[in-house]
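# A structural walkthrough
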Amino acid sequence: MKVRFRYRLLHGTTEAIGVARAPQFVRSSLLLMARSRDGLLGIGECAPLPGYSRESLEDCSAALHLLCAQEWDISESAPWERIEEFAGRLAALPSALFA
């Protein structure tokens, strides 16, 4: 089964979120979508918190761009090894890894 990833930027709410010392009024995130040729769909969100997360949205966007640049064949003999290898590269970007 071949899987393709795509992502796009989402803009958040106009209500205050966060804690009292650093309320956020707009929080942007990245929506990650995985779709197979068979029509299966998976969705994840990458939303680092400015001032709290060690990674920026731009860092995550660059990493997810690499993920989306190829089609993943998960029907090969050891597909998860490739995915785990890529996930290992995302270790410094927890928000991207979560997506």
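Let me sum up the structure you'll find in this document.

### Regarding the nonpolar core
With 16 residues, the main nonpolar core has F5, L64, L67 and A96 as its most contacted residues. Where this core is concerned, the elements lending two or more residues are strand 2 (29-36) and helix 1 (57-68). Ranked by residue count, the leading element in this core is helix 1, at six residues. Setting aside residues up to four positions removed in sequence, F5 forms contacts with L32, M33, A34, L67, C68 and W72.

### As for the pairing of strand 2
Regular strands have side chains that alternate between both faces of the sheet. Of all eight residues that make up strand 2, seven are buried, and the element is covered over most of its length. Here strand 2 runs beside strand 3 (residues 41-46); their pairing, made up of six bridges, is antiparallel. Along strand 3, the bridge assignment pairs L32 with G44. Between strand 2 and the antiparallel strand that follows it, strand 3, lie four residues; G39 among them carries a positive phi value of about 95°.

Calculation rules
Residues numbered from 1 in each chain as written. Predicted model: local features only at pLDDT ≥ 70, side-chain atom pairs only at ≥ 80, totals over all residues. Heavy atoms only, no water. Core = buried A, V, L, I, M, F, W, Y, C linked by side-chain atoms within 4.5 Å. Buried < 20%, exposed > 50% of the residue type's maximum accessible area, 1.4 Å probe, protein only. Helix = DSSP H or I, 4+ residues; strand = E, 2+ residues; numbered from the N terminus. Contact = heavy atoms within 4.5 Å. Pairing = 2+ DSSP bridges.

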